[in-house]
Amino acid sequence: MNLSGNVEQQIRQGFLDEARETLENIEEILLELAPGQPEPDVIARLFRHMHNLKGSAASMGLSLSVRLIHVAEQLVSQIQKGEAFVTDEKIRLLVEVNDVLGRCYNALTLESFEEQIDCEDLIARIAAEGNESDTGAAPGDGSNTSARDPYTKLQEAQAGDVIFADELDQAAPAPQPQRKTPSSEAQGNGLGKATNQTLRVSLPKVDALSDLSSEQQILIDAVRFELNNSPANSDPLRVHSLMEKLCRTSQELQNRVMALRLVPLSTISPKIKRVVRDTSQQVAKQVQLVIQGDHLEIDKTLLDLLNAPLNHIIRNAIDHGLESPEEREQLGKDKEGRLSIDAKVIGSRIRLTIRDDGKGVDTKAIVKKARRLGILSEEETPSHEQCLELLFHSGFSTREEASEISGRGVGLDSVREVVRNLNGTVSISSETGKGTTFQVEIPTNFGVVEGFVLKRGQKRYVISVDEVKECLAAANYLNTSVQQEGSEILKIRDEKIRCFHLGQLLGETPATASPTLIITPLSGDRFVGIFVDEVETQIKVAAKALPRDLSNRPGHVGIAILWDGQPAPIVSLTKLVSNHLSHQERQYA
């Protein structure tokens, strides 16, 4: 049976989507397994997932994957039958199988569907663990390698031929040549990358979209009919009513479409558990992980991009923050360290709090290293909060040598940069002997910005509502103004706030007097003020990608089309100020 290229690619994409989900389900079960005799339903679910994946791989002609899954499945079958117990080594082997398959499927392309996988050594180790020979022979004499052997049939089958998965349990897998590529040696599962551009959507959600789309079309036709009437026959009140309904329906349709992109935080819980388990084993520490609020939903693209910085923070907490079991015991703490991740919705944003109960940050070591690097002079005595901010300085680390766990050339400065690119913030607090807390805030939606329209002269800009703490009349505070390094210091409610003009930050024209002052958070408890001509209105807009001529402009994060059809740049005040301050530091250095 010959299939057209498009149909074959659709089948392949369907397999990859299903395989990724199955591997995630398998990993979640493996992370919950502990040595001993598992619950029968748990091991039954594990066997079922592996069996289904083996059948799917066989139908796609992925014979190497089938061999690997088959021997792993036999190991699980022994446990299911009560012939063997779960051990740490069995768990490690099954996790490794999952990793190998994940890398293999992640490397497959729809055009070239040839698996690159070297699994001979892994198969041998699994067979040895299960007290089996590495021949892969199923029960029987194993001598029949005729065409009736389903594995032989699999090799000889043409594209489109059907081989039933159950037949594969009745015979031995045929030996395959070893193949090895750099991609097969990559670390990690590879399935959590942003390259997985698929979403599973429930049918009721699709039905709701279909209904709204039909309702919108009916309203459009009704408006068109009214507008095509002669002025004498047209009813302005009816047109106005129809337009109101059309606007509401369109808004609801947009909300439903954006909601399709939302996935629960629990989708990355298995990956977090994996990072915690692997890191704690590498550094010989005992860690209790507590996750709360993972039912909350966030844009899938944001979640994929947040995965790397979140993992970095977690590895740092275990490697740098938590003490060893012996140290904790001497300090009167539980031998098992506690790492908690708590998610909460704050307005239109999600706040992730990552907290450990370790030794806290050594501020003396931070100051010592900062002076050695020339970041601080000998005369400067930074506060506790300023010491913690130094951790986000590019290339800063209190360790002399990078470790394999949390110091591989990616520091907290990179974490902050990634989070800022997501229009988010990250901050740190710490207490000696009690632990360290990271707070990461990001918007729940990637493509929609709820913000204010600012005016500066004849130009308009859009900023996120999350960047506005309050708006003030600048005239009420100008009598306290003091000039300092190209900015103004205003005294607002007994607090000194450094202020800048929007035009100054944009580098467009010299600063002019502006009547409105916006107070925006910079980092931690620091706030800055921005002078603007007017805050025109609050609006919810769809963020479009920046055109090429604006893509390198600091602080510009997108383009919005306003109600009058005119475009307005979406800018981040935090990024504008940070860029301006960095430029000033270089200027005054």
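Below or above, wherever it landed, is the structure these notes cover.

Parameters and conventions
- Residues numbered from 1 in each chain as written.
- Predicted model: local features only at pLDDT ≥ 70, side-chain atom pairs only at ≥ 80, totals over all residues.
- Heavy atoms only, no water.
- Phe/Tyr/Trp six-rings, centres within 6.5 Å; stacked < 30°, edge-to-face > 60°.
- Helix = DSSP H or I, 4+ residues; strand = E, 2+ residues; numbered from the N terminus.
- Buried < 20%, exposed > 50% of the residue type's maximum accessible area, 1.4 Å probe, protein only.
- Lys NZ or Arg CZ within 6 Å of the ring centre and 35° of its normal.
- Expected span 1.5 Å × (residues − 1).
- Salt bridge = Lys/Arg side-chain N within 4 Å of Asp/Glu carboxyl O.
- Pairing = 2+ DSSP bridges.
- Axes fitted to C-alpha atoms, helices over the stretch in contact; angles between N-to-C directions.

**Some thoughts on the packing of aromatic side chains**
Logical step 1: Under the counting rule described, the total for this entry stands at two aromatic pairs.
Logical step 2: A ring pair is formed by phenylalanine 15 and tyrosine 105, whose centres lie 5.3 Å apart and whose planes are at 75°; its orientation type is edge-to-face. On the criterion of sequence distance, the pair formed by phenylalanine 15 in helix α1 (residues 5–32) and tyrosine 105 in helix α4 (residues 88–107) is long-range, its members being 90 residues apart. A single burial state applies to phenylalanine 15 and to tyrosine 105, both of which are buried.
Logical step 3: On the basis of an interplanar angle of 75° and a centroid distance of 6.2 Å, the ring pair of phenylalanine 15 and phenylalanine 113 is categorised as edge-to-face. Taken together, the residues span a long stretch of sequence, with phenylalanine 15 in helix α1 and phenylalanine 113 in the loop between α4 and α5 (120–129) at a distance of 98 residues. Each member of the pair, phenylalanine 15 as well as phenylalanine 113, is classed as buried.
Logical step 4: Each member of the aromatic cluster is reached from another via a ring pair, and the members are Phe15, Tyr105 and Phe113.
Logical step 5: Above the ring of phenylalanine 392, the side-chain terminus of arginine 416 is found at 3.8 Å from the ring centroid.

**A closer look at helix α3 (residues 63–80)**
Logical step 1: Here α3 is 18 residues long and its end C-alpha atoms lie 25 Å apart, about the 26 Å a rise of 1.5 Å per residue gives.
Logical step 2: By the criterion of burial, α3 is predominantly enclosed, with 17 of the 18 residues buried.
Logical step 3: Where α3 terminates, the next one or two residues include glycine 82, which has phi positive at roughly 80°.

**Description of the pattern of salt bridges**
Logical step 1: In total, this model carries 28 salt bridges according to the counting rule given.
Logical step 2: Across the pair glutamate 32 and lysine 273 runs a salt bridge whose closest N-O atoms are separated by 2.9 Å. Placement of the pair is glutamate 32 in helix α1 and lysine 273 in helix α9 (residues 269–282), with a sequence separation of 241 residues.
Logical step 3: Across the salt bridge formed by aspartate 121 and arginine 125, the nearest N and O atoms sit 3.0 Å from each other. Within this pair, aspartate 121 and its partner arginine 125 are both found in helix α5, separated by four residues, close to a single helical turn.

**Structural notes on the sheet that holds strand β7 (residues 435–443)**
Logical step 1: One open sheet holds the five strands; their spatial order is β2-β4-β5-β7-β6, and the pairing between them is mixed. Looking along the sheet, the strands with just one partner apiece sit at the ends: β2 (287–292) and β6 (425–431). Here the strands of the sheet are splayed against their neighbours by 15° on average, with no regard to which way each runs.
Logical step 2: Pairing of β6 with β7 involves seven bridges; the strand directions are antiparallel. From the neighbouring strand, serine 429 faces β7, where its bridge partner is threonine 437.

Function cannot be read off these values alone, since they describe shape.
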